[in-house]
Amino acid sequence: AFAILGLRALYFLLAGAMDKLRYLKLGLAGVLGFVGVKMLLSSTYKIPIAASLTVIVGLLAVATVASLRADARDRRRGKSEPPVPVGVR
């Protein structure tokens, strides 16, 4: 998304941090799911902008904090890399 917006420097910063932010993809999936549900409900119920932004920032904050805590836990246990999902190499 950052590359599309022309913020290439921010994109490369985020790309470099992806090994630490292992749950970011799940957080972004949650954001996309929320936006999809909001679009489906838009004709029957209007979700306030402040509530939408709160949900989006909350999802991204939870994903970031969970990722950093998992990374710190792995470093304490002596693991240098996050686990690789089965079937991905």
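Data block above holds the structure.
Nothing here was measured: the structure is a model prediction, and the numbers come from that model.

1. A short note on a nonpolar patch on the surface
Part 1 of the argument: Side chains of Val37, Leu41 and Tyr45 sit close together on the surface and give an oily, nonpolar patch of about 280 Å² of accessible area.
Part 2 of the argument: Here Val37 lies in helix α2 (residues 24–41).

2. Some thoughts on the packing of α2 against helix α3 (residues 49–77)
Part 1 of the argument: It is the contact of α2 with α3, at a shortest axis distance of 8 Å, that shows an interaxial angle of 165°. It follows that α2 is roughly antiparallel to α3 by the angle criterion. As α2 packs across α3, the resulting crossing turns out to be right-handed. Every residue of α3 that contacts α2 at Leu24, Gly27, Leu28, Gly30, Val31, Phe34 and Lys38 is listed here: Ser52, Val55, Ile56, Leu59, Leu60, Ala63 and Ser67.
Part 2 of the argument: Residue composition of the contact of α2 with α3, grouped by class: 9 nonpolar, 4 polar and 1 charged.

3. Here we look at the pattern of salt bridges
Part 1 of the argument: For the structure on display, the rule yields 3 salt bridges.
Part 2 of the argument: Asp71 serves as the salt-bridge partner of Lys20, at 3.6 Å between the closest nitrogen and oxygen. Of this pair, Lys20 sits in the loop between α1 (8–17) and α2 while Asp71 sits in helix α3, and the two are 51 residues apart along the sequence.
Part 3 of the argument: Take Lys20: its relative accessible area is 40%, and that puts it in the partly exposed class.
Part 4 of the argument: Here Asp71 makes a salt bridge to Arg75, at a shortest N to O gap of 3.4 Å. Residue Asp71 and its partner Arg75 are located together in helix α3, separated by 4 residues, close to a single helical turn.
Part 5 of the argument: According to the relative accessible area criterion, Asp71 is buried, its value standing at 11%.
Part 6 of the argument: Salt bridges sharing partners connect three or more residues here, namely Lys20, Asp71 and Arg75.

Conventions used here
Sequence order as written defines the numbering, with residues in each chain counted from 1. Confidence filtering applies because this is a predicted model: local features only for residues at pLDDT of at least 70, side-chain atom pairs given and counted only at 80 or more, and all residues used for totals across whole chains, interfaces and linings. The basis for every side-chain value is the complete set of heavy atoms in the structure, and neither hydrogens nor water enter the calculation. Exposure above 30% relative accessible area and the lack of any salt bridge qualify a residue for a patch; like charges then connect within 9 Å, and the nonpolar side chains Val, Leu, Ile, Met, Phe, Trp and Tyr within 5 Å. Computed by Shrake-Rupley with a 1.4 Å probe, the accessible areas treat only the displayed protein chains as cover when residues are assessed. In the sections that follow, a salt bridge refers to a side-chain nitrogen of Lys or Arg positioned within 4 Å of a carboxyl oxygen of Asp or Glu. Note on conventions: DSSP H or I runs of at least 4 residues are helices, E runs of at least 2 residues are strands, and numbering of each starts at the N terminus. Axis lines are fitted to C-alpha atoms, over the contacting stretch for helices. Their N-to-C directions set the angle, which ranges from 0 to 180 degrees. An angle below 35 degrees is read as roughly parallel, one above 145 as roughly antiparallel, one from 65 to 115 as roughly perpendicular, and any other as oblique. Whether a crossing is left-handed or right-handed is set by the direction in which the near helix is turned from the far one by less than a right angle, anticlockwise for left-handed and clockwise for right-handed. Whether two residues are in contact is decided by their heavy atoms, any of which lying within 4.5 Å being enough. Three categories are distinguished: nonpolar for Ala, Val, Leu, Ile, Met, Phe, Trp, Tyr, Cys and Pro, charged for Asp, Glu, Lys and Arg, and polar for the others, with Gly belonging to the last. Here the term buried applies to any residue with accessible area under 20% of the maximum for its type, exposed to any over 50%, and partly exposed to those in between, with areas from a 1.4 Å probe on protein chains only.

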